[in-house]
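# Descriptive structure summary
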Amino acid sequence: MADKIYMFDTTLRDGEQVPGCQLNTVEKIQVAKALESLGVDVIEAGFPVSSPGDFKSVVEISKAVTWPTICALTRAVEKDIQVAAEALKYAKHGRIHTGIGTSDYHIKHKFNSNQEDILERAIACVKYAKKYVEDVEFYAEDAGRTDNVYLARVVEAVIKAGATVVNIPDTTGYCLPDVYGAKIKYLMENVKGIEKAILSTHCHNDLGMATANTMAGLINGARQCEVTINGIGERAGNTSLEEIAMILKCHKDLNLVSNINTQFITPTSRMVSSLMNMPVQPNKAVVGRNAFAHSSGIHQDGVLKNRESYEIMDPKEVGLDENAIILTARSGRAALKHRLQVLGVPMDGDRLQEVYEEFLKLADRKKDINDEDILLLVGQAGTEGKRIKLEHLQVVSGKGVKPVASVCLDIAGEKFEASASGNGPVDAAIKALKQIIKREMTLQEFLIQAITKGSDDTGKVHMQVEYEGVIYYGFSGNTDIITASVEAYIDAINKFVKN
Ligand code: KIV
Ligand code: ZN
């Protein structure tokens, strides 16, 4: 019989640590519910002691989700563990994830300590967490660069102290796959009592090896992997859930299975990308826009004759349905509601009405509304509470014409107008905007992306605006990319102009 691999999703913890990817509690619950439908075994919902927002999210996700284990992160600090236990009190299955750095880099430079002291602290934090919950996972931070003999001592000691899962993070993404695989094998063969716990992989992608390292870990005996949707996470990110789920599905020869309902992969990927304003690279494995696009004539011909000549997965297996229902201006509220349900964002009442009104406005400008558009609308509805809103925008631009823009803003109910010229329509509009919002702010990054194809497509704009040394992230989507750009700038400004 095949061995089960437990999928531990840390999109809402390691993923959410990425600047600009922060979600509010309602959005986190939406993601958690989608992860539950996707079939993940464990949801790492946050780091409760780090902020009241993280604490609240762990509480609310614990209430909202039924099947997956809810996990809360802590340092090897009693206060952290108490707060995590309090946040998990509504979880049907709660897990505390506690740990400490075990590499010399961490022991000497971060803790100014020694191996024996760190070993004692590791044992103590597991024993302390066990007072609150049965399920305790220990992480040996920077295990990737920790000497295997010492790591085995730590793993053995924490299992003896009651750890049910031991996480072996390659925190810096440094390991080569054979080295990481050999580390797991060494632990499997040299730790007394290893059969009482599960080893977990947690690989970062700094050198592009996170997926390869995770697979090397699983092949050598780890039975849990820590992953994120779209591979988001600190720096170059974490191992991506969709890649591991599809590797296990395609490589039946490995005799390893996960519980992932793969047809929910694409909708979940799009939902996370849209809520976190984090575009997915077009050539990203499994979920990138081009992952199943065959452009060369030879490939197209081969696929038409026999799909398997060039495709190792059926796009439908990952929930990519080219024939998915497209909504239009004639689609009613019920059709929109159904599509939202399929996309993993069920809604009713006022919220549905709000999204429906935005949907009708978009359908006036764009013939076919696809899933990406709908998720964009979900993210945008709810701008009502924002202090600054774009009321009007008019631009004159073209070949041989000096671009000029007139902007009208609604700031807390009062209207302000300004006009300016610039070297392009966006430059002109932003100069006009800056005449109204008189702050020293600079545009650091500006990314425009079309969602799919077609000249009537919705453009997504991501911006980073610097103000007083801090970077603020702005996002908007619109069929008019100049409007989307100004709205994205305003979205960023709304994050620092509170009054
Ligand atoms: O990368 C890492 O080491 C982590 C731990 C806190 C689990 O995220
Ligand atoms: Zn990590």
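Going by the structure above, here's the rest.
The structure contained in this document is the topic of the report that follows. (Residues numbered from 1 in each chain as written. Chains lettered and ligands numbered in written order. Predicted model: local features only at pLDDT ≥ 70, side-chain atom pairs only at ≥ 80, totals over all residues. Heavy atoms only, no water.)

## Here we look at the packing of helix 2 (residues 25-38) against helix 3 (residues 52-64)
- Running from amino to carboxyl end, helix 2 crosses helix 3 at an angle of 40°, the nearest separation of the two axes being 9 Å. One element, helix 2, and the other, helix 3, form an angle in the oblique class. Between helix 2 and helix 3 lies a crossing of right-handed hand. Contacts between helix 2 and helix 3 involve Thr25, Lys28, Ile29, Ala32, Lys33 and Glu36 from the first element and Gly53, Asp54, Lys56, Ser57, Glu60, Ile61 and Ala64 from the second.
- Grouping the amino acids of the contact of helix 2 with helix 3 by side-chain chemistry returns 4 nonpolar, 3 polar and 6 charged. (Axes fitted to C-alpha atoms, helices over the stretch in contact; angles between N-to-C directions. Helix = DSSP H or I, 4+ residues; strand = E, 2+ residues; numbered from the N terminus. Parallel < 35°, antiparallel > 145°, perpendicular 65-115°, else oblique. Left-handed = near helix turned anticlockwise from the far one by under 90°. Contact = heavy atoms within 4.5 Å. Nonpolar A, V, L, I, M, F, W, Y, C, P; charged D, E, K, R; others polar.)

## Some remarks on the sheet that holds strand 7 (residues 165-170)
- Ordered in space as 2-3-4-5-6-7-8-9, the 8 strands form a closed barrel in which the pairing is parallel. With direction set aside, neighbouring strand axes in the sheet form an average angle of 25°.
- Direction of pairing for strand 3 (residues 42-46) relative to strand 4 (residues 69-73): parallel, over a ladder of 4 bridges. Counted as the bridge partner of Ile43 is Ile70 from strand 4.
- Against the sheet, helix 8 (residues 177-190) contacts strand 7 and strand 8 (198-203), and its axis sits at roughly 160° relative to strand 8. (Pairing = 2+ DSSP bridges.)

## Quick look at the nonpolar core
- Ranked by size, the top nonpolar core spans 106 residues in total, and within it Phe138, Val155 and Ile168 carry the most contacts.
- Both domains that meet at this core, namely domain 1 (3-275) and domain 2 (295-377), each give it at least three residues.
- Aside from chain neighbours lying at most four places away, what touches Phe138 is Thr98, Gly99, Ile100, Ala122, Cys125, Val126, Val154, Val158, Ala163, Val165, Val166 and Asn167.
- Membership of the second largest hydrophobic core comes to 31 residues, among which are Ile411, Tyr472, Ile490 and Ala492. (Core = buried A, V, L, I, M, F, W, Y, C linked by side-chain atoms within 4.5 Å. Buried < 20%, exposed > 50% of the residue type's maximum accessible area, 1.4 Å probe, protein only. Domains from an automatic or database assignment.)

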